[in-house]
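Remarks on the overall topology
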Amino acid sequence: MFSYFANPERFERLARVVTPWAWGGAAVLFAIGLPWALVISPPDYQQSETVRIMYVHVPSAWLAMAAYAGLGVSSFIYFIWRHNLADLAARALAPAGAVFAALCLVTGALWGRPMWGAWWVWDARLTSMLVLLLLYLGYMALRAAIEDEKLAARAGSILAMAGLINLPIIKFSVDWWNTLHQPASVIRFDGPTIHASKLWPLSVMALAFTALLTALVFSTMRTLILERRAAVLERKREQRLEAEASEGFAE
Amino acid sequence: MSAALALFSRELKLAWAGGGGPAGPAAFNLAALALAPLAIGPDGDTLAAAGPGVIAFAALLATLQPAERLFGEDAADGTLELYALSGAGLATAVLMKTLAFTLAVFWPIAPIAFIAALAYGLEAGPALILSLALLLAAPGLALIAAFAGALAAGLKRAGLLIALIAAPLQVPLLVFAAGAGRAAAEGTGLEGANLMMAAAGSLAALALAPLGAAAALRARLE
Amino acid sequence: MSDGLSAEFTRADVRAAGVALSRGGRTLVRGLNFAAAPGEALAITGPNGSGKTTLLRAVAGFIRPDAGEIHVEPASDVKIAWLGHAEGLKPAETVRDALTFHAALQGASPELIEPVMERMAVAHLARRACGTLSAGQRRRTALARLALSNAGLWILDEPTAPLDAVSRARLGALIADYRAAGGVVIATTHAALDWPDQTGLDLSDAAREARSA
């Protein structure tokens, strides 16, 4: 499938359809989900009103992880088949995923203050998310540090694949670290069962976040394609002028 | 095999002699361990509790310290091309180089950990376990640092970048190495499991990091 | 086997057709064809930035061409020796240690090391650390390494640049012996190389074609 869409014109046609729908879908879903989650849905019997943070926190966590999976997979595709679009997808996914991871951490801290009495608790999930954010930051810093675009893409794809392989090991080690020294039992976001009155607004919010990620990724990819085209034209012009300059001198 | 052996013994000699050999990372390790109690405070119980973690963390920092020059110099002086075209291949060269480097430069990590653990107030038994854990984890930490070094080879401010890239990947080894020391100190009986995990982490790094580093260096040759 | 040259290598055949190369997103050459059989030398010339070094890197297999193909055959057996602008010498290593290591790495006989050092006039420098050598001495050490490389194809980027007239003659003789043994040499050059019946490859046309495309 990816080789089908690796054709830039085909992608352009797809993106022209998907991008406005994704933005529109995100807008509609947030218009429904936000009031539902933040106002209409019932407060929790244990967490009262603070439970509403969950409607932002949990989808951010999901999408931060999904975006990293996407980053790893598109990096793999780029590394093996060298499809430029896969690299563009990776470039677009990284900042979006990092923002979701940061959003997850910030909402976790905001929720932690009233519930745990501390802004930050070294809970296994939050700590794993923190490490995930570091992986994103490392990826983006590496790409930003390399000027040659091709090398940046190659090096970035190798790092993203290493990160994806490591992610389950990191998750396991952090869980292990945490159970070795479990502090007094804390209230968690996700009990064993979530009541339907919360599940529905949560699902709508999760869909809204997914639509937002899709819209962000497609818009960024289109921008990057245009940037690249502009750079190619600029370079052709440069080359022509340089050739004219040297020929003019020879005459 | 003889090509691999030649690579190993050359890199062992170069790592031992060049750039101060083990002195730099060992001094860095010791400095971190000497400063940490000044930050934590002189209370004996607190220091003993923090000891395994601080010591494992100082070892991690020591493995990051020379990672910049590990492949940075090879990329700059043309060695990378020679290794890539040698019959041994880049992945073997990376493996041999990193192993030789670990052996020549990072061997003080385990003895330093033992002495530091005693100084932080741990009993001899747990101190020995922590030292053993770092002996098992150090190759893995070094291999991950080498992978990050290969990705950042020849870049400006590579040192900072290497730390940012390697740190999250080194999390499991840090957890298991420090965990073994803590388990031994607290008598939870989990030190064996932690030691095995640390060894497994190093073996996984041994299998994957040279391939990743070789791929990164090959991309640099393009 | 000539004195001071390791000649137990698989002979190489180089063929390239329709090669296009780019660097940093800029197309350098297009539609490039060339070939080199055992015993032949190919001297690549062209203005600055025309892609001479990039072409060498492509022949060595470091870069994939954007279009066309470069074959070095028999692909599984041929060894390639490389000499770029950076010589790949370690400052702390002595000349003899460096050459001993490369002989072991490339499977050349250690008995060749002394004659090769004599031949490239670095024998008197054997115990010097490479970091203390002059540019010409470094280049001669690197050329000695080349003679030990057991490779069927030598790829040289501006090999004569830091050499004086005597060393140039030494290099010329080394190249002549190597070609007589069936070796292939592909080199870039600014100065004219006085190697007998070398084939010239001027990149100007291919570079012009790349600009106009």
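Residues numbered from 1 in each chain as written. Chains lettered and ligands numbered in written order. Predicted model: local features only at pLDDT ≥ 70, side-chain atom pairs only at ≥ 80, totals over all residues. Heavy atoms only, no water.

Time to look at the overall build of chain C. Of regular secondary structure, chain C possesses six helices and eight strands. Counted from the first residue to the last, chain C has its helices and strands arranged as β-β-β-α-β-β-α-α-α-β-α-β-β-α. Here chain C has a C-alpha radius of gyration of 17 Å; the compact-globule value for 213 residues is 17 Å, and the two agree. Across its three principal directions, the C-alpha atoms of chain C cover 55 × 35 × 30 Å. Out of the 213 residues in chain C, the part that is buried amounts to 54%. Placing the 23 positive and 23 negative side-chain charges of chain C at their respective mean positions leaves the two points 7 Å apart. (Helix = DSSP H or I, 4+ residues; strand = E, 2+ residues; numbered from the N terminus. Rg over C-alpha atoms; globule rule 2.2 N^0.38 Å. Buried < 20%, exposed > 50% of the residue type's maximum accessible area, 1.4 Å probe, protein only. Lys, Arg positive; Asp, Glu negative; His and termini not counted. Charge placed at Lys NZ, Arg CZ, Asp CG, Glu CD.)

The end-to-end C-alpha distance of helix α10 (residues 191–221) of chain B, which contains 31 residues, comes to 44 Å, matching closely the 45 Å that a straight helix rising 1.5 Å per residue would cover. At Leu 208 of chain B, α10 of chain B shows its strongest bend, of approximately 30°, with the proline Pro 210 of chain B following within four residues. (Expected span 1.5 Å × (residues − 1). Bend = angle between axes of the 7 residues up to and from the residue.)

With 31 residues of chain A at the contact, the number on the chain B side is 27 residues. When chain A packs against chain B, the two sides together hide about 2400 Å² of surface, and 79% of this comes from carbon and sulfur. Counting across the chain A and chain B interface gives one salt bridge. Note that Arg 82 of chain A and Glu 222 of chain B form a salt bridge whose closest N and O atoms lie 3.1 Å from each other. At the surface where chain A touches chain B, the tally comes to two residue pairs in polar contact (both at pLDDT 80 or more). Listed by contribution, the elements that provide at least two residues to the side of chain A that touches chain B are α5 (124–145) and α6 (149–180) of chain A. Here the side of chain A that touches chain B gets 18 residues from one element, more than from any other, and that element is α6 of chain A. (Contact = heavy atoms within 4.5 Å. Buried area = accessible area lost by both parts, 1.4 Å probe. Salt bridge = Lys/Arg side-chain N within 4 Å of Asp/Glu carboxyl O. Polar contact = N/O pair within 3.5 Å; in protein donor to acceptor, adjacent residues only side chain to side chain.)

Our next topic: the side chain of His 102 of chain C. Summarising the element assignment, His 102 of chain C is placed in helix α2 (residues 95–106). Exposure remark for His 102 of chain C: the relative accessible area of 4% places this residue in the buried category. For His 102 of chain C, the residues in contact, after removing those within four places along its chain, are Arg 10 and Leu 82 of chain B together with Arg 145 of chain C.

Moving on, we get to the side chain of Arg 143 of chain A. Residues and elements named next belong to chain A. By the element assignment, Arg 143 lies in helix α5. Here the side chain of Arg 143 touches Asp 87 through a polar contact of 2.8 Å, side chain to side chain. For Arg 143, the residues in contact, after removing those within four places along its chain, are Asp 87, Arg 91, Ala 152, Ala 153 and Gly 156.

The interface of chain C with chain B comprises 19 residues on the first partner and 21 residues on the second. With both chains or domains summed, chain C and chain B bury close to 1900 Å², and 61% of this area falls on carbon and sulfur atoms. Among the residues chain C hides against chain B, the three largest losses belong to Phe 62, Lys 90 and Leu 105 of chain C. Together they make up 33% of the total. Summed over the shared surface of chain C and chain B, the number is four salt bridges. The interface formed by chain C and chain B includes seven residue pairs in polar contact (both at pLDDT 80 or more).

All names here are of chain C. Spatially, β2-β1-β4 is the arrangement adopted by the three strands of the open sheet, whose pairing is antiparallel. Strands at the two margins of the open sheet, each flanked by one partner only, are β2 (26–36) and β4 (67–73). Pairwise comparison of adjacent strand axes, ignoring direction, gives a mean angle of 20° for this sheet. Two elements, strand β1 (residues 13–23) and β4, share six bridges in a ladder whose sense is antiparallel. (Pairing = 2+ DSSP bridges. Axes fitted to C-alpha atoms, helices over the stretch in contact; angles between N-to-C directions.)

A separate point is the pairing of β1 of chain C. Residues and elements named next belong to chain C. Pairing of β1 with β2 involves seven bridges; the strand directions are antiparallel. Directly across from Val 19, in β2, lies its bridge partner Leu 32. Taking the residues between adjacent antiparallel strands as the criterion, β1 and β2 are bridged by two residues, where Gly 24 takes a positive phi near 60°.

So, about the sheet that holds strand β6 (residues 153–157) of chain C. Residue and element names in this part refer to chain C. Judged by pairing direction, the sheet is parallel, and its five strands sit side by side in the order β5-β6-β7-β3-β8 without closing on themselves. What marks the edges here is a single partner per strand, and that holds for β5 (80–83) and β8 (199–202). Ignoring which end each strand starts from, the neighbouring axes of this sheet average 15° apart. Bridge count between strand β3 (residues 41–45) and β8: four bridges; the pairing is parallel. Residue pairing for β8: Leu 42 is matched across the bridge by Thr 199. Lying on the sheet, helix α4 (residues 135–147) is in contact with β5 and β6; it crosses β5 at an angle near 175°. Helix α5 (residues 165–180) rests against β3, β6 and β7 (184–188) of the sheet, and its axis sits at about 155° to β6.

Summary statistics for chain C give a mean pLDDT of 88 and a share of 96% for residues scoring 70 or more. The ipTM value of the predicted complex is 0.91, and its pTM value is 0.91. (pLDDT = per-residue confidence, 0-100.)

Judged by side-chain polarity, Leu 34, Leu 38, Val 39 and Ile 40 of chain A come together as a nonpolar surface patch covering roughly 380 Å² of accessible area. Relative to the assigned elements, Leu 34 of chain A resides in helix α2 (residues 8–40). (Patch = residues over 30% accessible without salt bridge, like charges linked within 9 Å, V, L, I, M, F, W, Y side chains within 5 Å. Areas by Shrake-Rupley, 256 points an atom, 1.4 Å probe, with all protein chains shown as cover.)

Right, let's get into the pattern of salt bridges. As enumerated under the stated definition, the model contains 19 salt bridges over all chains in all. Salt-bridge contacts for Lys 90 of chain C lead to Asp 77 of chain B; the nearest nitrogen and oxygen are separated by 2.9 Å. Of this pair, Lys 90 of chain C sits in the loop between β5 and α2 while Asp 77 of chain B sits in helix α4 (residues 67–77), placing the two residues on different chains. Side by side, Lys 90 of chain C and Asp 77 of chain B carry an identical accessibility label, which is buried. If you follow the salt bridges from partner to partner, you end up with Glu 11, Asp 74, Asp 77 and Lys 97 of chain B together with Lys 90 of chain C in one network.

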